[in-house]
Amino acid sequence: MGNFITTILYESPYLWAFTSVALCMALSVVGSAWGIWTIGASTLGVSIHKGRLETRNLVSVLFCEALSIYGIIVSIIMTTKAQSQTCDPISAGDYLVGYQLMAAGLISGCGNLFAGLTLGIVGKGMAVCAAAVSSLFVKMLIVLIFAEVLGLYGMIVALILAKDEFGIVCSV
Amino acid sequence: MAGKGGSSGTSSAVSMLYDSGEEVDDGRSGFYGFMYGDPKPGNLLSFNIEDGFLEAFVRGNRTKFLNANDYTNLAVCDSLDDVKMHLAQTEYGDFLANEPSPLATTTIKDKCIEKFVNEFNYIRSNATEPLFTFLDYIRYGYMIDNVILVITGALHQRDTAELLERCHPLGMFRTIGSLTTCRSISELYKHVLVDTPIGPYILQCMSEQDFDPDEQNVEVIRNKLYKAYLEDFNRFCQYLGGATAELMSELLNFEADRRSITITLNSFGTELGKDDRATMYPSLGLLHPAGVIKLARADDAEQVREAVSHILSYRKLFLDIGPGTEKSLEDAFFEYEVELNRSAFDTQMGYALFYAYVKLKEQEIRNVVWVAECVSQGQKSKIHDAVIQIF
């Protein structure tokens, strides 16, 4: 077991960096998709009655989509950073960058995942309630904005980590 | 979203074997439900995958119920044509457009039921598995009513075609016409009901070997069928678990208690013995088992009132009615039912919504028919006595 941990720890920092890119993108997409399917099913249901009015719920889908855009921004920035750190031999600075990117990816990915779940459930409730009481729609948008901001916080921290120029530059 | 219902006959028989006292978390709800034959409804995160569309469709129907304004407008109508005109301005639209001019209240009632059945069939045709069986269970109640209607009519030598017209469309099944030729319970089961989902329910009445053409006997059969149905439905809802189980047990408990009280009150003055009466009480409900024992021993309305008085909500119902008011117990029950169903209608992530929708639509049809009756008989002052505001 100790050998296994040691092997993992001394793996190339590329493992950390690119795993995190994958996680960031994947988790963001999962969160976004979760939100979209939840909102979409309910929007379709209420649109049968007052189609033109109730398709305003598609703005909730827009919020969910923004989460995957945050994910892709962070992923692209992380990819360029990871690919620019080609050092041979691998130094401590590279490990630092690898770990930073791992943290950035997880932060952004998980933030978008849970923001997406929230947006889904709230947006679904909003679709149904706004069909009954029309004035609730604008008020519920505030809840959606707060949920969206969760993903934004994740992206901010991830970008700070990913673009951190204080990291030790390759010492070759 | 194509309907994927299995044969409902096996579903109801199988569900009578479920014996889950507590909720079993075997992972069938939500994502992996499709891997099992009997999925459960999803929880908070996964409900929308299968049933989100239909839930939103039904909840979007909330604004389509007649509101207080509409009832006020209807109350000042002078004739059924006025009623038709006012209804055309609500969500009912032109549903009476093709009817010939001297309208009858039975026409209005039939058209209302037809409109409701169309909506129900739309929901049912889009439902996937656990919801499909759930909606079928709602239909079994109507099936039982239809079966009793046809049997009673046959005993009074009514014409079969006329009887079948009076049946509720939600409870029709293919072999219902051959019910008129049944002369005993076992014939009833073996020739007709064994192919229907309510077959297992008649097994509980099989000991009733005499099937004499007698109003009371047929009522006894109806009550026993309904008791078996309620218990089966409750078992199924407990199996579904989650929010569905919680809310449906509340609604079905009230239904069972209402039937127990009504059976007791209706059996005073008939030859129905107390033991026979006790076999007709469903074994669920807030009154079960303590109140039911007292009900079985009751001899008059006062003792019935005492028997249910340990439940606050029923005590309040009995307080509302009395010699001073014109409200009957039935009206009080209807009002309470509307309250319960209204709160169930607003819940998320459960199937109680669909059951509540059916019950509330029924109440609305009752309201409209009452208004039509009052208007056609010129007794408009009585309209607000029995019209229960739904939303």
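Description of the structure in this document. For clarity, every value in this text was computed on a predicted model and none was experimentally measured.

Thresholds, definitions, all that
Residues numbered from 1 in each chain as written. Chains lettered and ligands numbered in written order. Predicted model: local features only at pLDDT ≥ 70, side-chain atom pairs only at ≥ 80, totals over all residues. Heavy atoms only, no water. Helix = DSSP H or I, 4+ residues; strand = E, 2+ residues; numbered from the N terminus. Buried < 20%, exposed > 50% of the residue type's maximum accessible area, 1.4 Å probe, protein only. Contact = heavy atoms within 4.5 Å. Areas by Shrake-Rupley, 256 points an atom, 1.4 Å probe, with all protein chains shown as cover. Axes fitted to C-alpha atoms, helices over the stretch in contact; angles between N-to-C directions. Parallel < 35°, antiparallel > 145°, perpendicular 65-115°, else oblique. Nonpolar A, V, L, I, M, F, W, Y, C, P; charged D, E, K, R; others polar. Salt bridge = Lys/Arg side-chain N within 4 Å of Asp/Glu carboxyl O. Patch = residues over 30% accessible without salt bridge, like charges linked within 9 Å, V, L, I, M, F, W, Y side chains within 5 Å. Lys, Arg positive; Asp, Glu negative; His and termini not counted. Charge placed at Lys NZ, Arg CZ, Asp CG, Glu CD. Phe/Tyr/Trp six-rings, centres within 6.5 Å; stacked < 30°, edge-to-face > 60°. Lys NZ or Arg CZ within 6 Å of the ring centre and 35° of its normal.

If you tally the helices and strands in chain A, you get six helices and zero strands. Listing the helices and strands of chain A from first to last along the sequence gives α-α-α-α-α-α. On the principal axes, the C-alpha backbone points of chain A span a range of 65 × 35 × 20 Å. Counting across all 172 residues of chain A, residues that qualify as buried make up 47%.

Helix and strand content of chain B: 18 helices and zero strands. Across the 391 residues in chain B, those meeting the buried criterion constitute 53%. At a minimum sequence separation of 6, the contacts of chain B that also span at least 24 residues come to 64%. With an accessible surface of roughly 17500 Å², chain B has 50% of that area assigned to carbon and sulfur atoms.

Attention now goes to the packing of helix H5 (residues 105–125) of chain B against helix H6 (residues 129–155) of chain B. Residue and element names in this part refer to chain B. For the pair H5 and H6, the least separation of the axes is 10 Å and the interaxial angle reads 150°. Of the possible angle classes, the one that applies to H5 and H6 is roughly antiparallel. On the side of H5, the interface is formed by Phe116, Phe120, Ile123 and Arg124, while H6 contributes Phe132, Leu135, Asp136, Arg139 and Tyr142. Of the residues contributing to the contact of H5 with H6, the split by class is six nonpolar, no polar and three charged.

This brings us to the environment of A:Ala17. Residue and element names in this part refer to chain A. Mapped onto the elements of the fold, Ala17 is located in helix H2 (residues 13–47). A residue is classified by how much of its surface remains accessible, and Ala17, at 4% relative accessible area, is buried. For the pair formed by Ala17 and Ala104, sequence separation is 87 residues and the distance between their alpha carbons is 9.3 Å. Beyond its immediate chain neighbours, meaning those up to four positions away, Ala17 contacts Ala82, Gly98 and Leu101.

All names here are of chain B. Evaluated as defined, the whole model comprises 20 salt bridges over all chains. Here Asp346 and Arg62 are joined by a salt bridge, their closest N and O atoms 3.3 Å apart. With Asp346 in the loop between helix H16 (329–345) and helix H17 (352–377) and Arg62 in the loop between helix H2 (47–60) and helix H3 (68–75), the pair connects residues that are 284 residues apart, well separated along the chain. The exposure class assigned to Asp346 is partly exposed, which follows from its relative accessible area of 37%. Salt-bridge contacts for Arg366 lead to Glu337; the nearest nitrogen and oxygen are separated by 3.8 Å. One end of the pair, Arg366, is in helix H17; the other, Glu337, is in helix H16, with 29 residues separating them in the sequence. Overall, Arg366 belongs to the partly exposed group, its relative accessible area being 29%. Assessed through its relative accessible area of 5%, Glu337 is described here as buried. Beyond isolated ion pairs, a larger network of salt bridges with shared partners links Glu255, Arg258, Arg259, Glu337, Glu362 and Arg366.

Residues and elements named next belong to chain B. Among the surface-exposed residues, Asp110, Asp159, Glu162 and Glu165 lie close enough to one another that they form a single negatively charged patch. When you line up the elements, Asp159 lands in the loop between H6 and helix H7 (160–166). Residue Asp159 is classed as partly exposed on the basis of its relative accessible area of 47%.

Attention shifts here to the packing of aromatic side chains. Applying the stated criterion across every chain, the model contains 27 aromatic pairs over all chains. Judged by centre distance (6.1 Å) and plane angle (40°), the ring pair of A:Tyr95 and A:Tyr99 falls under tilted. Of this pair, A:Tyr95 and A:Tyr99 both sit in helix H5 (residues 92–132), four residues apart, which is roughly one turn of that helix. Under the relative-accessibility criterion, A:Tyr99 is labelled partly exposed at 37%. Between the aromatic rings of B:Tyr351 and B:Phe354, the centroid separation amounts to 6.1 Å while the plane-to-plane angle is 65°, which identifies the pairing as edge-to-face. Under the relative-accessibility criterion, B:Tyr351 is labelled buried at 0%. Taken together, B:Phe47, B:Phe134, B:Tyr137, B:Tyr140, B:Tyr201, B:Tyr226, B:Tyr229, B:Phe233, B:Phe236, B:Tyr351, B:Phe354 and B:Tyr355 form an aromatic cluster joined through their ring pairs. A cation sits over an aromatic face here: B:Lys40 above B:Tyr239, 5.1 Å from the ring centre. Above the plane of the ring of B:Tyr226 lies B:Arg259, whose end atom (NZ or CZ) is 3.8 Å from the centre.

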